[in-house]
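Single-letter residue listing:
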Amino acid sequence: MSPATGTVTDKSTTSGSIELAPVPSPEVSPHARRVPVTTARARRVVRRLPDLLVSGATRSAAIVALLLLWETAPRLGLVDRTFLPPFSEVARAWWELAADGQLADNARASLVRSFSGFGLAMLVAVPLGLLIGWYRPVADLLGPLLEVFRNTAALALLPVFVLLLGIGETSKISIVLYACTWPILLNTISAVRGVDPTLLKLAKSMDLSAPRLFQKVILPSAVPVVFTGIRLAGAVSILVLVAAEMIGAKAGLGYLINASQYNFAIPQMYAGIVTISAIGVAFNQLLVAVERRLSTWRLPADG
């Protein structure tokens, strides 16, 4: 085929056979290749749209029902609206607090304290849990001391933290650190001791060093259980902090709730409570996303 005219040219050989020149294949642009892929993805999303809508409606049905009950019960006289105002009044109070900056300032103060204590607890509890769970002498040495402190409630020690560290930021971060350490530590110990013995024997038969054994076997197997403790500690970090802020603080969501109660600003008090709940849910979802990211190696149950 001639490149100019597109015709096929015959080339006669001495044996009388005919050779055909190769026909060049048309080039396909990268954009043309991407179009079918994009179309297929769009079709999959459209097919899944009804299922996604049903799933979203099912998950939000209980929350919507709770908000409707909260709105109608005070208006119908089922509860005293002085102590439980309708949700619409709480939403209006929340918007007013957000508009004048009070909500953002108090939430920022609480989040800094909570995340500081939570982060320090992770740095302390995860390595310590790995050591206690893997090395029996360390467990025998620290076991009795841990049993004493893990059965002592954090809020029971709050006056001690205030007396020793004052009413400033150090005592609040320290009480959050103390409260968050135990869920992470205990779940990490349980995760290490619960590693499949078959995997350990297989890894030892391959002459893996201790660091490689931790990296390739123990840590991947322990991630789900460790993150269970981390998620529990995330909830504890907010709850304990709010209680600490109610005792001695000049800023924070706990301070906002306590001050609103004393001033009988009930809608503002509930607005602070709703904010704490929303922060807790968002923080938990963030930890779930991180756990899924770190657990991508795990096969699904049906596969």
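Cut-offs applied
Counting of residues starts from 1 at the beginning of each chain's written sequence and follows it residue by residue. Whole-chain, interface and lining totals are the exception, using all residues; otherwise, since this is a predicted model, local features are given only for residues with pLDDT of at least 70 and side-chain atom pairs are given and counted only at 80 or more. Computation of side-chain values: all heavy atoms of the structure, hydrogens and water removed. To qualify as a helix, a DSSP run of H or I must reach at least 4 residues; to qualify as a strand, a run of E must reach at least 2; elements of each kind are numbered from the N terminus. Here's how the labels work: a residue is buried when its accessible area is under 20% of the maximum for its type, exposed when over 50%, partly exposed in between, all with a 1.4 Å probe on protein chains only. It only takes one pair of heavy atoms within 4.5 Å for two residues to be counted as in contact. Residue burial considers only the protein chains on display, and all accessible areas are found by Shrake-Rupley using a 1.4 Å probe. The aromatic pairing rule takes the rings of Phe, Tyr and Trp, using the six-membered ring of Trp, and pairs them if the centres are within 6.5 Å, calling planes under 30 degrees apart stacked, those over 60 edge-to-face and the rest tilted. To get an axis, a line is fitted to the C-alpha atoms, and for a helix only the part in contact is used. The angle between two axes follows their N-to-C directions and goes from 0 to 180 degrees. In this scheme, a crossing is called left-handed if the near helix is turned counterclockwise away from the far one by less than a right angle; it is called right-handed if the turn is clockwise. Each residue receives one of three labels: charged for Asp, Glu, Lys and Arg, nonpolar for Ala, Val, Leu, Ile, Met, Phe, Trp, Tyr, Cys and Pro, and polar for the others, Gly being one of them. Every definition here rests on a 1 Å grid over the protein atoms only: cavities are sets of points where a 1.4 Å probe fits but cannot get out, pockets are open sets enclosed by protein on both sides within 12 Å along at least five of seven lines, and lining residues have some atom within 4 Å of a point. Grid points are joined across faces, edges and corners, and a volume is the space filled by probe spheres set on the points. One fewer than the residue count of a helix, multiplied by 1.5 Å, yields its expected span. By definition, a salt bridge exists where a carboxyl oxygen of Asp or Glu is found within 4 Å of a side-chain nitrogen of Lys or Arg.

Assigned secondary structure in the protein consists of 10 helices and two strands. For the protein, the N- to C-terminal ordering of α and β elements is β-β-α-α-α-α-α-α-α-α-α-α. Of all 303 residues assigned to the protein, the portion counted as buried reaches 31%. In the protein, 67% of the contacts between residues at least 6 apart in sequence involve partners at least 24 apart. When the accessible surface of the protein is summed, it comes to about 19,400 Å², and 66% of that surface belongs to carbon and sulfur atoms.

This part covers the side chain of Ser260. Mapped onto the secondary structure, Ser260 falls in helix α9 (residues 253-262). Here Ser260 falls in the buried class, since its relative accessible area comes to 6%. Beyond its immediate stretch of four places on either side in the chain, Ser260 contacts Ala265, Gln268 and Met269.

So, on to the packing of aromatic side chains. Per the counting criterion, the structure on display carries seven aromatic pairs. A ring pair is formed by Phe83 and Phe264, whose centres lie 6.2 Å apart and whose planes are at 85°; its orientation type is edge-to-face. Note that Phe83 is positioned in the loop between α1 (30-75) and α2 (87-99) and Phe264 in the loop between α9 and α10 (266-294), a separation of 181 residues in sequence. Taking the centre distance of 5.2 Å and the plane angle of 75° together, the rings of Phe118 and Phe283 count as edge-to-face. Residue Phe118 is found in helix α3 (residues 102-134), and its partner Phe283 is found in helix α10; the two are separated by 165 residues along the sequence. For Phe283, a relative accessible area of 10% gives the class buried. Ring-pair connections join several aromatic residues into one group, and the members of that group are Trp70, Phe87 and Tyr270.

Put simply, α3 and helix α8 (residues 210-247) touch, their axes get as near as 9 Å, and they point 145° apart. Where α3 crosses over α8, the two elements pack in a sense that is right-handed. In contact with Ser110, Arg113, Ser114, Phe118, Met122, Val126, Leu130 and Trp134 of α3, α8 contributes Leu213, Phe214, Ile218, Leu219, Val226, Ile230, Ala233, Gly234, Ser237, Ile238, Leu241 and Glu245. Here the contact of α3 with α8 is composed, by residue class, of 14 nonpolar, four polar and two charged.

Our next topic: empty space enclosed by the protein. Using the criterion set out here, one finds one cavity of 30 Å³ or more in the structure. When its volume is computed, the largest cavity comes out at roughly 60 Å³. As for the largest cavity, its lining consists of Ser110, Leu111, Ser114, Ile238, Leu241, Val242, Leu253, Ile276 and Ile279.

For α10, which comprises 29 residues, the first-to-last C-alpha distance of 43 Å matches the rise-based estimate of 42 Å (1.5 Å per residue) to within 8%. Among all positions in α10, only Ile266, Met269, Tyr270, Ala271, Gly272, Thr275, Ile276, Ile279, Phe283, Leu287, Val288 and Glu291 are buried.

Scanning the entire structure with this criterion turns up six salt bridges. The partner of Arg75 in a salt bridge is Glu71, and the shortest N-O contact between them spans 2.6 Å. On the criterion of helical spacing, the pair formed by Arg75 and Glu71 is a turn pair, its members being four residues apart in helix α1. Assessed through its relative accessible area of 46%, Arg75 is described here as partly exposed. Between Glu89 and Arg81 there is a salt bridge, with the nearest N and O atoms lying 2.6 Å from each other.

On to the environment of Thr181, then. Relative to the helices and strands, Thr181 is located in helix α6 (residues 169-193). The spatial distance from the C-alpha of Thr181 to the C-alpha of Ile230 is 9.1 Å, given a sequence separation of 49 residues. In contact with Thr181, other than residues within four places in its own chain, are Ala121 and Ala125.

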